[in-house]
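Listed below are the residues making up each chain.
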Amino acid sequence: MLLGTFAPKLDEKGRVILPAKFWDEFSGGLVMTRGVDRCVFVYSEREFEKVHEKMSNAPVTTKEGRDYIRLFLSGATQEIPDKQRRVTVPAMLREYAGLDRELTMIGAGTRAEIWDSAAWNEFYAATESGYAAADGEVIAGLF
């Protein structure tokens, strides 16, 4: 399970050092793709196969479903980290997420997310205050 918040830097070649706590999950290879909210989703190859299988079994009878699958998979790229735990974030994904030197990488359970730090801080501030004021359950049966 991927957990925590980390602050790696993007180097001049577009590489990021993966947090040590994520290494076991990603050392054999990973898949990056466009996430939602202008971040990059990072999956282990094994986890991405599960996501892809669910997508493959989903009906493509709605335009929204077809469009999401197209955008999600067309932005996907397989990467293998080097021995220094660095992985290249492709230019297309850096542009999509507005990534600059300062990054925030979070563990989101079955995936990691890479955010521009300013965007993450803005998202976090806006979202956290909304949960504090929420009436009722945020996730049914859990909170």
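Residues numbered from 1 in each chain as written. Predicted model: local features only at pLDDT ≥ 70, side-chain atom pairs only at ≥ 80, totals over all residues. Heavy atoms only, no water.

Our next topic: the packing of aromatic side chains. A complete count under the given rule lists eleven aromatic pairs for this structure. Taking the centre distance of 5.7 Å and the plane angle of 25 degrees together, the rings of Tyr 68 and Phe 72 count as stacked. Here the residue Tyr 68 and the residue Phe 72 both occupy positions in helix H3 (residues 63-74), the gap between them amounting to four residues, near one helical turn. Judged by its relative accessible area of 4%, Phe 72 is buried. (Phe/Tyr/Trp six-rings, centres within 6.5 Å; stacked < 30°, edge-to-face > 60°. Helix = DSSP H or I, 4+ residues; strand = E, 2+ residues; numbered from the N terminus. Buried < 20%, exposed > 50% of the residue type's maximum accessible area, 1.4 Å probe, protein only.)

Our focus in this paragraph is unusual backbone geometry. Phi is positive for Arg 38, which is not a glycine, with a value near 60 degrees. Position of Arg 38 relative to the elements: it lies in the loop between strand E3 (30-34) and strand E4 (40-44). With a phi close to 70 degrees, Arg 85 is a non-glycine residue in the positive phi region. With respect to the helices and strands, Arg 85 occurs in the loop between strand E5 (77-79) and strand E6 (86-88).

With that settled, consider the sheet that holds E4. Within the open sheet, the six strands sit side by side as E1-E7-E8-E4-E3-E5. Their pairing is antiparallel. Edge positions in the open sheet fall to strand E1 (5-6) and E5, since each of these has one partner strand only. Sheet topology places strand E7 (residues 103-107) next to strand E8 (residues 112-116); five bridges connect them, and they run antiparallel. Across the sheet, the residue bridging to Gly 107 is Ala 112, located in E8. (Pairing = 2+ DSSP bridges.)

For the rest of this paragraph, the subject is the nonpolar core. Core analysis: the biggest nonpolar cluster contains 20 residues, and Phe 26, Met 32, Val 40, Val 42, Val 89, Leu 99 and Ile 114 have the highest contact counts within it. Mapped onto this core, the elements with two or more residues apiece are E3, E4, helix H4 (91-97), E7 and E8. When residues of this core are assigned to their parent elements, the largest contribution, three residues, is made by H4. Setting aside residues up to four positions removed in sequence, Met 32 forms contacts with Val 40, Phe 41, Val 42, Gly 75, Ala 76, Thr 77, Glu 79, Val 87, Thr 88, Val 89, Pro 90 and Leu 93. Cys 39, Tyr 43, Met 55 and Phe 72 belong to the second largest nonpolar core, which has twelve residues in total. (Core = buried A, V, L, I, M, F, W, Y, C linked by side-chain atoms within 4.5 Å. Contact = heavy atoms within 4.5 Å.)

Once that is clear, we can look at the side chain of Ser 117. Considering the arrangement of structural elements, one finds Ser 117 in helix H5 (residues 117-132). Of note is the side chain of Ser 117, whose polar atom sits 2.9 Å from the backbone oxygen of Leu 103. Polar contacts involving the side chain of Ser 117 include one to the side chain of Thr 104, which spans 3.0 Å. Apart from the residues within four sequence positions on either side, Ser 117 is in contact with Glu 102, Leu 103 and Thr 104. (Polar contact = N/O pair within 3.5 Å; in protein donor to acceptor, adjacent residues only side chain to side chain.)

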